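Below, each chain spelled out in residue letters.
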Amino acid sequence: MFMDAEGNKTVGFCLWCNRDFYSMDEVQTHNADDMAACPSFQELKGQQGMPPVLQAMFEDAGLLDDTRPADEK
Ligand SMILES: [Zn+2]
């Protein structure tokens, strides 16, 4: 369904740190204890509402155009 940079199959990735997961066990370990294993989430939680990867997707889709200065469009 997903692939990492080397073309290996993954079950998904972390929206916060963009880490690739190769099994659901890995996902659960990463998300356990308020995502204690995710450095990006620990750094960014409480500061903004949106994971950086998701924000980049929205920007790519043009959904966040209004939040950027006109000269960056
Ligand atoms: Zn993460």
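Cut-offs used in this document
Residues numbered from 1 in each chain as written. Predicted model: local features only at pLDDT ≥ 70, side-chain atom pairs only at ≥ 80, totals over all residues. Helix = DSSP H or I, 4+ residues; strand = E, 2+ residues; numbered from the N terminus. Buried ≥ 20, exposed ≤ 12 C-beta atoms within 10 Å, placed from the backbone. Contact = placed C-beta atoms within 7 Å. Expected span 1.5 Å × (residues − 1).

Quick look at the overall build of the chain now. Across its full length, the chain holds 3 helices and 4 strands. When the elements of the chain are put in sequence order from the N terminus, they spell out β-β-β-β-α-α-α. Taking all 73 residues of the chain together, 4% fall into the buried category. Long-range contacts, defined as pairs at least 24 residues apart, comprise 22% of the intrachain contacts of the chain with a sequence gap of at least 6.

With that out of the way, let us pick up helix α1 (residues 24-35). The end-to-end C-alpha distance of α1, which contains 12 residues, comes to just 14 Å, noticeably less than the 16 Å that a straight helix rising 1.5 Å per residue would cover. Counting buried positions along α1 yields 0 of 12 residues, so the element is predominantly exposed.

Attention now moves to the environment of K9. Its place among the elements puts K9 in strand β2 (residues 9-10). For the pair formed by K9 and D20, sequence separation is 11 residues and the distance between their alpha carbons is 9.4 Å.

Quick look at unusual backbone geometry now. Notably, D34 is not glycine yet its phi reads approximately 55 degrees, a positive angle. Assignment of secondary structure puts D34 in helix α1. Positive phi is not limited to glycine here, since M35 has a value of about 55 degrees. As for its position among the elements, M35 is in helix α1.

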